[in-house]
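A look at the structure
Take a look at the letters that make up each chain.
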Amino acid sequence: MGASAAVEYEEITTEENAAEENKEIRKLHEFAESRVKYQAEQIDLPEGKTVYRFVKRSMDILCSTLALIVLLIPMVLIAVIIALDSPGNPIFSQVRLGKDQKPFTLYKFRSMRLDAEADGAQWASNDDPRVTRVGAFLRKTRIDELPQLVNILKGDMSIVGPRPERPEFYDVFDTYISGFRQRMLVRPGLTGYAQVVGGYSLMPEEKIVYDLEYIKKQSLLFDIRLILYTVIVVFRGDKSREAIDRIDHCQIVGEAKK
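Residues numbered from 1 in each chain as written. Predicted model: local features only at pLDDT ≥ 70, side-chain atom pairs only at ≥ 80, totals over all residues. Heavy atoms only, no water.

**Notes on the packing of helix 7 (residues 204–217) against helix 8 (residues 220–236)**
At a closest axis distance of 9 Å, the pairing of helix 7 and helix 8 adopts a crossing angle of 140°. It follows from the interaxial angle that helix 7 and helix 8 lie oblique. Facing helix 7, whose interface residues are Glu 213, Tyr 214 and Lys 217, helix 8 presents Phe 222, Asp 223 and Leu 226. The class makeup of the residues in the contact of helix 7 with helix 8 is three nonpolar, no polar and three charged. (Axes fitted to C-alpha atoms, helices over the stretch in contact; angles between N-to-C directions. Helix = DSSP H or I, 4+ residues; strand = E, 2+ residues; numbered from the N terminus. Parallel < 35°, antiparallel > 145°, perpendicular 65-115°, else oblique. Contact = heavy atoms within 4.5 Å. Nonpolar A, V, L, I, M, F, W, Y, C, P; charged D, E, K, R; others polar.)

This is the structure we're talking about:
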């Protein structure tokens, strides 16, 4: 193929990809239009949390560093297994929005086919057909999130916080959820309140309730509790998630009545 032909082919391919991307974005907007408009609670960052934020960031650095050292060899083995299971780079990178809407590159072990988003951005779900055989296990055990220890060490993320979303999804959810971007008042997390309670099954308007609840009540004790909940969910699965949801729902309702 000549140089001019190659350039022409690349231009055509780029146009086709852009067309498919726009098609999927339109689908996301159609999804948003089908949802009932939702007004999220308007909140501010709690005052007097300087010590908490310092300790939390210190723990993020310490824990992510130690975890990367201990898990380095297992993570290399996981990357090899992913590469043998399906073609493509075992590490998946994607732009997400972090604290104060700052974009950053998030890292994960690839759990989907290489062409998972050939048709553009798509919302992940339970039993997603794009997931590979190894990927299903990685997602169930949350092992696919381990490379985000690098994001935590860099300061893009924290161990606990609202899960980071893609810019495209924020643009779509903004159309029917007023206040959805308040999730970015704090650093996104490797695990979070909404992630522990509902995982991939929560709709955006449900997720924002738990995310804002976490931001309002964030504390070291709450963070430790969510980390413990995460461990329970990883080892015991969705049934433990239902029990956690019932416990925390009763606590939220009870505190709201005080």
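**Comments concerning the confidence of the model for the chain**
On average, the chain scores 81 in pLDDT, and the residues at 70 or more come to 76%. Low pLDDT, under 50, characterises residues 1–17; the stretch is placed with two contacts to residues that sit more than four places away or in other chains. In this model residues 116–123 is a low-confidence stretch, pLDDT under 50, and it forms 30 contacts with partners more than four residues away in sequence or in other chains. (pLDDT = per-residue confidence, 0-100.)

**Quick look at unusual backbone geometry**
Located in the positive-phi region is Asp 100, a residue other than glycine, with phi close to 60°. Topologically, Asp 100 is positioned in the loop between strand 2 (91–97) and strand 3 (103–109). Unlike most non-glycine residues, Arg 142 shows phi in positive territory, near 70°. Counting through the fold element by element, Arg 142 comes out in the loop between helix 3 (133–141) and helix 4 (148–154). Judged by its relative accessible area of 17%, Arg 142 falls in the buried class. (Buried < 20%, exposed > 50% of the residue type's maximum accessible area, 1.4 Å probe, protein only.)

**Focus on the pattern of salt bridges**
Across all of its chains, the model carries 16 salt bridges by this definition. The residue Lys 207 makes a salt bridge to Glu 165 at a minimum N-O spacing of 2.9 Å. Here the residue Lys 207 occupies a position in helix 7, and Glu 165 occupies one in the loop between strand 4 (158–160) and helix 5 (167–173), the gap between them amounting to 42 residues. Pair check on accessibility: Lys 207 and Glu 165 agree, each one buried. (Salt bridge = Lys/Arg side-chain N within 4 Å of Asp/Glu carboxyl O.)

**Some points on the environment of Met 112**
Tracing the sequence through the fold places Met 112 in the loop between strand 3 and helix 3. For the pair Met 112 and Pro 90, spaced 22 residues apart in sequence, the C-alpha separation works out to 9.9 Å.

**Quick word on empty space enclosed by the protein**
A probe as big as a water molecule, rolled over the atoms, marks out the empty space that is left. One pass over the full model with this rule turns up one cavity of 30 Å³ or more. The calculated volume of the largest cavity comes to roughly 40 Å³. Taken together, Leu 97, Gly 98, Pro 162, Arg 163, Pro 164, Glu 165, Tyr 170, Arg 183, Met 184 and Pro 188 form the lining of the largest cavity. Considering only residue class, the lining of the largest cavity consists of six nonpolar, one polar and three charged. (1 Å grid on protein atoms, 1.4 Å probe; cavity = no way out; pocket = protein on both sides within 12 Å on 5 of 7 lines; lining within 4 Å. Points joined across faces, edges and corners; volume = space filled by probe spheres on them.)

**Considerations on the nonpolar core**
The biggest cluster of nonpolar side chains holds 37 residues, and the ones touching the most others in it are Phe 173, Tyr 193, Tyr 214 and Leu 226. When residues in this core are grouped by element, the largest group, five residues, is from helix 7. Core analysis: the second largest hydrophobic core is formed by seven residues, Met 75, Ile 78, Ala 79 and Val 134 among them. (Core = buried A, V, L, I, M, F, W, Y, C linked by side-chain atoms within 4.5 Å.)

**Details of the packing of helix 2 (residues 50–85) against helix 3**
Helix-helix packing: each pair is described by the crossing angle between the helix axes and the interaxial distance. For the pair helix 2 and helix 3, interaxial distance at closest approach is 8 Å and the crossing angle is 145°. Judged by residue contacts, Ile 78, Ile 81, Ile 82 and Asp 85 of helix 2 engage Arg 133, Val 134 and Leu 138 from helix 3. Taken together, the residues that form the contact of helix 2 with helix 3 break down as five nonpolar, no polar and two charged.

**Looking at helix 2**
Between the first and last C-alpha of helix 2 there are merely 46 Å, a value that for 36 residues lags more than 12% behind the 52 Å anticipated at 1.5 Å per step. Residues Tyr 52, Lys 56, Arg 57, Asp 60, Ser 64, Ala 67, Met 75, Ile 78, Ala 79, Ile 82 and Asp 85 constitute the buried set of helix 2. Contacts from the buried residues of helix 2 go to strand 3, helix 3, helix 4, strand 4, helix 7 and helix 8. (Expected span 1.5 Å × (residues − 1).)

**Quick look at the environment of Thr 230**
Along the polypeptide, Thr 230 turns up in helix 8. On the accessibility criterion, Thr 230 (18% relative accessible area) is buried. If sequence neighbours within four positions are ignored, Thr 230 has contacts with Thr 191 and Val 196. Among the polar contacts made by the side chain of Thr 230, one reaches the main-chain carbonyl oxygen of Leu 226 at a distance of 2.7 Å. (Polar contact = N/O pair within 3.5 Å; in protein donor to acceptor, adjacent residues only side chain to side chain.)

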